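A look at the structure
This is what each chain is made of:
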Amino acid sequence: MKGIVHSVDGTAEKEVFLVLSATTKYRDLLKIVDAYTEVTDYKLIFTKLDETSAYGNLLNVKLYTGAALSYVTCGQNVPDDLEDFNPQKTVKQLLGGKWEEDTGMDQAEQLRNLIKANSHPQRPLARVITVTSGKGGVGKSNTSINLAVQFRKMGPKVIILDADFGLANIEIMFGAVPKHNLSDLIYQGKDIREIITWGPMDVGFISGGSGITGLSNLNLDHLRTIIQSLSQLDEMADTIIVDTGAGIADAVMEFLVASSEVLLVTTPEPPSITDSYSLLKTLSRHPQYRKEETKIKLVANKVHKTGDGAVLYEKLSAVAGKYLKSPMEYLGEIPEDAQLLKAVMQQKPVSMEYSHAKSAQAYEKIASKLIDKPVEHSYDRRAMASYITQ
């Protein structure tokens, strides 16, 4: 295609148009646009506007490509049905209003206002905390759930994304049966808001699906679809907690490099410490990882006596700092607690069922520290949508 376009250079005045259907799903539109990245200086034509009432993709694709919107069609009789793109008319329809020819408004005024509203949302963007671990069985999902509960006790609205695809634990620990999960977002075209389940204390969670084979083998396009969709949760939550799978799989790394705040859960056991270092090493070598804009915070779980967590942190931090130049912060420790194990068996968060338990009080202390010291980051690191701009 690039060769065809360049073959007419100098021989004729040319205009290049990319023709897209307004009925095509957004993620499929992006695939089409990305296939023509070598072709520059083209304009957009959208067809089949009469077959849809959703015009948002016209704006989304324009913002994504930077290309001008030239023509649209509202019927099958091309070229007779071709008409100049009218920003005022389209924005009216996009906002659910009626189009009137004699409004007297500047043609692009509403479109400019809509773009500004998209660039500067009225409410603060959600804070994203990604909880991860080098190996399974260290209490990562327990940490995610109990921090969510503690946040709710303090006020912030919370949604948990169970990103341990195909092996979901959050719903089991909540004792809840979700109607939808991430497979409905990826394969059925559901909106991410439609697949939220509301658990105890109005903590929302998105199930990663339990026992669904396809979810354990997601490709990068699927992961990016999920990450991009998370930006829609900004208006629904103050904090989004992403509970990743354990280890160094691609699915884990994609979420870690997209987050500005990572909680690393580990235990004093040597295998857990070793695997935590392996995760940090893999993350530091990821081409999309931005060390200066990512805060990594350590949570020491299952400690036997007070102070063991700080010792663990000093050891791991020293090694990571020396060989990976990767600084860490220490959030705190969670003690071994029989009441926590009892709560797990009852499929209840210990912070709700046994709020005076040692572990519950430790989670409360860590949650308070996180709220008292929020991460400051630039607008382009907002939520998880930052991944698509990297």
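All of the points below concern the structure found in this document.

About the cut-offs
- Residues numbered from 1 in each chain as written.
- Predicted model: local features only at pLDDT ≥ 70, side-chain atom pairs only at ≥ 80, totals over all residues.
- Heavy atoms only, no water.
- Phe/Tyr/Trp six-rings, centres within 6.5 Å; stacked < 30°, edge-to-face > 60°.
- Helix = DSSP H or I, 4+ residues; strand = E, 2+ residues; numbered from the N terminus.
- Buried < 20%, exposed > 50% of the residue type's maximum accessible area, 1.4 Å probe, protein only.
- Axes fitted to C-alpha atoms, helices over the stretch in contact; angles between N-to-C directions.
- Parallel < 35°, antiparallel > 145°, perpendicular 65-115°, else oblique.
- Left-handed = near helix turned anticlockwise from the far one by under 90°.
- Contact = heavy atoms within 4.5 Å.
- Nonpolar A, V, L, I, M, F, W, Y, C, P; charged D, E, K, R; others polar.
- Patch = residues over 30% accessible without salt bridge, like charges linked within 9 Å, V, L, I, M, F, W, Y side chains within 5 Å.
- Areas by Shrake-Rupley, 256 points an atom, 1.4 Å probe, with all protein chains shown as cover.
- Salt bridge = Lys/Arg side-chain N within 4 Å of Asp/Glu carboxyl O.
- Pairing = 2+ DSSP bridges.
- 1 Å grid on protein atoms, 1.4 Å probe; cavity = no way out; pocket = protein on both sides within 12 Å on 5 of 7 lines; lining within 4 Å.
- Points joined across faces, edges and corners; volume = space filled by probe spheres on them.
- Polar contact = N/O pair within 3.5 Å; in protein donor to acceptor, adjacent residues only side chain to side chain.

Regarding the packing of aromatic side chains
Counted by the stated rule, this structure contains three aromatic pairs. Their ring planes at 50° and their centres at 5.9 Å tell us that Phe17 and Tyr71 sit as a pair that is tilted. You can see Phe17 sitting in strand β1 (residues 17-21) and its partner Tyr71 sitting in strand β3 (residues 68-73), a full 54 residues away along the chain. Look at Phe17 and you get partly exposed, because its relative accessible area is 30%. For Tyr71, a relative accessible area of 30% translates into the label partly exposed.

A look at unusual backbone geometry
A positive phi is found at Met201, a non-glycine position, where the angle reads about 60°. Assignment of secondary structure puts Met201 in the loop between β7 (196-198) and β8 (204-206). Positive phi, normally seen in glycine, also occurs at Gln347, with a value near 55°.

Structural notes on the packing of helix α10 (residues 250-258) against helix α11 (residues 270-284)
In contact at an axis separation of 10 Å, α10 and α11 are set at 65° when each is read in the N-to-C sense. With respect to their mutual orientation, α10 and α11 come out roughly perpendicular. α11 is crossed by α10, and the crossing has right-handed handedness. Of the residues in α11, those in contact with Met253, Leu256 and Val257 of α10 are Leu279, Thr282 and Leu283. When grouped by side-chain class, the residues that make up the contact of α10 with α11 number five nonpolar, one polar and no charged.

Digging into the packing of helix α6 (residues 140-154) against helix α15 (residues 358-372)
For the pair α6 and α15, the least separation of the axes is 9 Å and the interaxial angle reads 65°. Relative to α15, α6 is oriented roughly perpendicular. As for how α6 packs across α15, the hand of that crossing is right-handed. Contact residues: α6 offers Asn142, Thr143, Asn146, Leu147, Gln150, Phe151 and Met154, while α15 offers Ala360, Tyr363, Glu364, Ile366, Ala367, Ser368, Leu370 and Ile371. By residue class, the composition of the contact of α6 with α15 is nine nonpolar, five polar and one charged.

Concerning a nonpolar patch on the surface
A surface patch of nonpolar side chains, about 310 Å² in accessible area, is lined by Phe17, Val19, Tyr71 and Leu82. Along the chain, Leu82 falls in strand β4 (residues 82-84).

A few points about the sheet that holds β1
Pairing is mixed across the open sheet formed by four strands, whose spatial order is β1-β2-β3-β4. Every other strand in the sheet has two partners, leaving β1 and β4 as the edge strands with one partner each. For this sheet, the mean angle separating the axes of adjacent strands, direction not counted, is 30°. Strand direction decides the pairing type here: β3 and β4, joined by three bridges, are antiparallel. Paired with Val72 across the bridge in β4 is Glu83.

Some points on empty space enclosed by the protein
In the structure shown here, the tally under the stated rule is two cavities of 30 Å³ or more. Considering only enclosed or pocket space, the second largest cavity measures out at about 30 Å³ in volume. Among the residues making up the lining of the second largest cavity, the classes are represented as four nonpolar, two polar and one charged.

A look at helix α13 (residues 338-345)
The periodicity of an α-helix, 3.6 residues per turn, causes residues three or four places apart in sequence to face the same way. A side-chain oxygen of the first residue of α13 lies 3.1 Å from the backbone nitrogen of Gln339; this N-cap is Asp337. Phi turns positive, to about 55°, at Gln347, one or two residues after α13.

Without other data, these values stay purely geometric and don't point to any function.
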